[in-house]
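# Coordinates in review
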Protein chains: 2
Amino acid sequence: MVERGYLLLSRTPARSYRKNPWSNHYQKRAMREQEILQIKEATPDHPVLDVIKKRWSPRVFADRRVEPETLKQLLEAARWAASSFNEQPWRFILATKDEPEHYARVLDCLIEGNQGWAQHAPVLMLTVARTTFTRNDKPNRHAWHDVGLAMGNLVAQATALGLHVHQMAGILPEKARVVFAIPDDYEVVAGVALGYFGNPDQLPDRQKESEQMPRSRKPLDDLVFGATWGEAASFLDT
Amino acid sequence: MVERGYLLLSRTPARSYRKNPWSNHYQKRAMREQEILQIKEATPDHPVLDVIKKRWSPRVFADRRVEPETLKQLLEAARWAASSFNEQPWRFILATKDEPEHYARVLDCLIEGNQGWAQHAPVLMLTVARTTFTRNDKPNRHAWHDVGLAMGNLVAQATALGLHVHQMAGILPEKARVVFAIPDDYEVVAGVALGYFGNPDQLPDRQKESEQMPRSRKPLDDLVFGATWGEAASFLDT
């Protein structure tokens with residue numbers, strides 16, 4: 001009900017809510033969220049896709065369910081990524097709040113610092129990489145990289161659907177291996193919290209602060225080299 | 001000149017070219033390319049972004065330059081990816097045909113099987129991962145994964161701009177390390193060929209065949225698990 005009121009508000013001019021005792025609360029909340037989404041939008045030096053500009057990793061999610069059909073779209077996007085020898089080494093363990101026991105077991109595989117905020121996300125995942133090739137059992141040097149490619153797709157699709165995704169390095173991979181009986185030729189890569197963005201004012205102060213900092217990146221000159229390692233590629237000067 | 005004729009054709013109704021002796025050739029070529037792009041389009045079970053549907057990895061590229069501003073957009077997209085502790089472990093060695101010597105040195109770092117077709121791409125890259133954290137020199141477990149995230153962005157941006165990208169596992173990473181004096185705390189991850197799609201009829205028969213096969217992927221049921229490893233997550237049935 002609360003969520004529904006918020007949604008209505010965000011699509012309706014604020015004025016029509018003046019006589020609703022809840023309106024001021026929801027209006028403020030919606031404005032606060034818009035303000036933060038604005039701060040978090042990338043400031044690219046060259047034009048990039050909206051799904052790249054608007055992507056960032058929040059620590060607060062609204063108390064709003066992600067529909068199964070939406071989840072399928074996210075994983076479908078991941079499914080069509082490129083991979084070495086089309087191995088598709090990506091696997092996903094996914095839990096929603098609809099399955100509280102399973103959800104709690106996934107949450108337990110995150111480090112404590114992440115459990116604090118991630119427990120409010122409507123969906124948690126663990127990403128897993130098959131580290132050998134199916135066709136010959138030899139090591140797949142690109143397994144983790146290709147999980148990254150799949151997650152790149154998933155995150156772009158999520159952003160297009162108005163969702164936010166927060167990937168976490170801070171997990172307990174060996175605990176997850178035991179809890180979910182993950183075979184030896186697979187490795188747990190990362191944790192993922194996803195849902196609709198929520199108001200950061202409920203976070204502890206330290207986290208609230210980082211939730212409101214503009215995103216920053218190294219300049220291209222430090223990342224893209226030409227003939228000499230460490231020296232900016234010449235096309236960057238043109 | 002050839003390329004220009006083709007470009008004009010693709011934007012002009014074919015009829016107006018009837019009296020041009022070249023028109024039949026370019027018309028057939030354009031139709032052939034369209035036909036293959038159609039075959040290669042993903043057939044998702046759930047709606048996904050166009051940039052995900054249209055992405056695939058060709059082995060032929062048109063003899064058409066990629067403008068510096070376009071390259072900057074691709075790398076800018078990569079730059080804004082997420083990474084563990086915002087380390088941004090991705091580095092790129094990039095060469096265009098405008099710098100023949102540098103281009104040849106990058107080409108030399110691919111395995112022979114890839115050199116055959118990749119030598120026609122207007123742009124070659126090597127992706128590189130910094131495998132330690134800048135802040136404490138400790139190993140970054142997610143370095144390769146995060147290079148994958150950055151490449152996911154780059155490929156989506158490329159697709160949006162009408163380009164195609166072919167990432168290659170088949171490279172000589174230790175040769176690349178020597179040739180480009182890549183420091184010990186970095187690893188060469190993959191090769192990348194990119195440009196505008198070209199007509200595959202110039203490829204050897206075996207490669208021509210794979211260039212015309214529809215793309216295939218494992219079903220979601222084999223990739224997305226719930227409480228039990230190997231068993232499809234329950235939301236997939238809904």
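Now for a look at the structure at hand. (Residues numbered from 1 in each chain as written. Chains lettered and ligands numbered in written order. Predicted model: local features only at pLDDT ≥ 70, side-chain atom pairs only at ≥ 80, totals over all residues.)

### Considering the sheet that holds strand β3 (residues 164-168) of chain A
Pairing is mixed across the open sheet formed by five strands, whose spatial order is β3(A)-β4(A)-β2(A)-β1(A)-β5(B). Edge strands, defined here as strands with exactly one partner in the open sheet, are β3 of chain A together with β5 (224-225) of chain B. As paired elements, strand β1 (residues 90-96) of chain A and strand β2 (residues 123-130) of chain A share seven bridges and run antiparallel to each other. Bridging from a neighbouring strand, Arg91 of chain A pairs with Val128 of chain A of β2 of chain A. Across the sheet, helix α5 (residues 100-107) of chain A is in contact with β1 and β2 of chain A; its angle to β1 of chain A comes to roughly 125°. (Pairing = 2+ DSSP bridges. Helix = DSSP H or I, 4+ residues; strand = E, 2+ residues; numbered from the N terminus. Contact = placed C-beta atoms within 7 Å. Axes fitted to C-alpha atoms, helices over the stretch in contact; angles between N-to-C directions.)

### Considering the nonpolar core
Among the nonpolar cores identified, the biggest contains 132 residues, and Leu124 of chain A together with Leu124 of chain B are the most heavily contacted of them. Apart from residues no more than four positions distant in its own chain, Leu124 of chain A is found in contact with Ala95, Tyr103, Val106, Leu107, Ala118, Val192 and Ala193 of chain A. (Core = buried A, V, L, I, M, F, W, Y, C linked by C-beta atoms within 7 Å. Buried ≥ 20, exposed ≤ 12 C-beta atoms within 10 Å, placed from the backbone.)

### Here we look at the packing of helix α7 (residues 143-160) of chain A against helix α7 (residues 143-160) of chain B
Here α7 of chain A crosses α7 of chain B at 45°, and the two axes come no closer than 7 Å. In terms of orientation, α7 of chain A and α7 of chain B fall into the oblique class. Relative to α7 of chain B, the crossing made by α7 of chain A is right-handed. Across the interface between the two elements, Trp144, His145, Asp146, Val147, Gly148, Leu149, Met151, Gly152, Asn153 and Ala156 of chain A from α7 of chain A touch Trp144, His145, Asp146, Val147, Gly148, Leu149, Met151, Gly152, Asn153 and Ala156 of chain B from α7 of chain B. Class assignment of the residues belonging to the contact of α7 of chain A with α7 of chain B gives a composition of ten nonpolar, eight polar and two charged. (Parallel < 35°, antiparallel > 145°, perpendicular 65-115°, else oblique. Left-handed = near helix turned anticlockwise from the far one by under 90°. Nonpolar A, V, L, I, M, F, W, Y, C, P; charged D, E, K, R; others polar.)

### Notes on the pairing of β1 of chain A
Burial of β1 of chain A is extensive: seven of the seven residues sit out of reach of the surface. Relative to β5 of chain B, β1 of chain A runs parallel, the two sharing two bridges. What sits directly across from Ile93 of chain A, in β5 of chain B, is Phe225 of chain B.

### A short note on the relation of the copies chain B and chain A
Each copy of the sequence occupies a distinct position, and chain B is placed on chain A by a rotation of 180° and an axial shift of 0.0 Å, giving an RMSD of 0.0 Å. Here the transformation between the copies is reduced to the relation of a two-fold axis. (Least-squares fit on C-alpha atoms with pLDDT ≥ 70 in both.)

### Considering the interface of chain B and chain A
Taken together, the contact pairs 63 residues of chain B with 63 residues of chain A. Residue assignment for the side of chain B that touches chain A shows that the elements contributing at least two residues are α4 (68-79), β1 (90-96), α7, β4 (186-195) and β5 of chain B. Element by element, the count of residues in the side of chain B that touches chain A is highest for α7 of chain B, at twelve residues.

### Here's the deal with the sheet that holds strand β2 (residues 123-130) of chain B
If you walk across this open sheet you meet the five strands as β5(A)-β1(B)-β2(B)-β4(B)-β3(B), and the pairing is mixed. Taken across any chain shown, the strands that pair with only one partner, and hence form the sheet edges, are β5 (224-225) of chain A together with β3 (164-168) of chain B. Sheet topology note: the β2 of chain B/β4 of chain B ladder contains eight bridges and is antiparallel. Bridge pairing links Met125 of chain B to Val192 of chain B in β4 of chain B. The strands that α7 of chain B touches are β1, β2, β3 and β4 of chain B; relative to β2 of chain B, the one it contacts most, it runs at about 150°.

### Digging into the packing of α4 of chain B against α7 of chain B
Residue and element names in this part refer to chain B. Running from N to C, α4 and α7 point in directions that differ by 145°, and their axes come no closer than 7 Å. For the crossing formed where α4 meets α7, the hand is right-handed. In contact with Gln73, Leu74, Leu75, Ala77 and Ala78 of α4, α7 contributes Ala150, Met151, Asn153, Leu154, Ala156, Gln157 and Ala158. The residue inventory of the contact of α4 with α7, partitioned by class, reads nine nonpolar, three polar and no charged.

That's the geometry; what it means functionally is another story.
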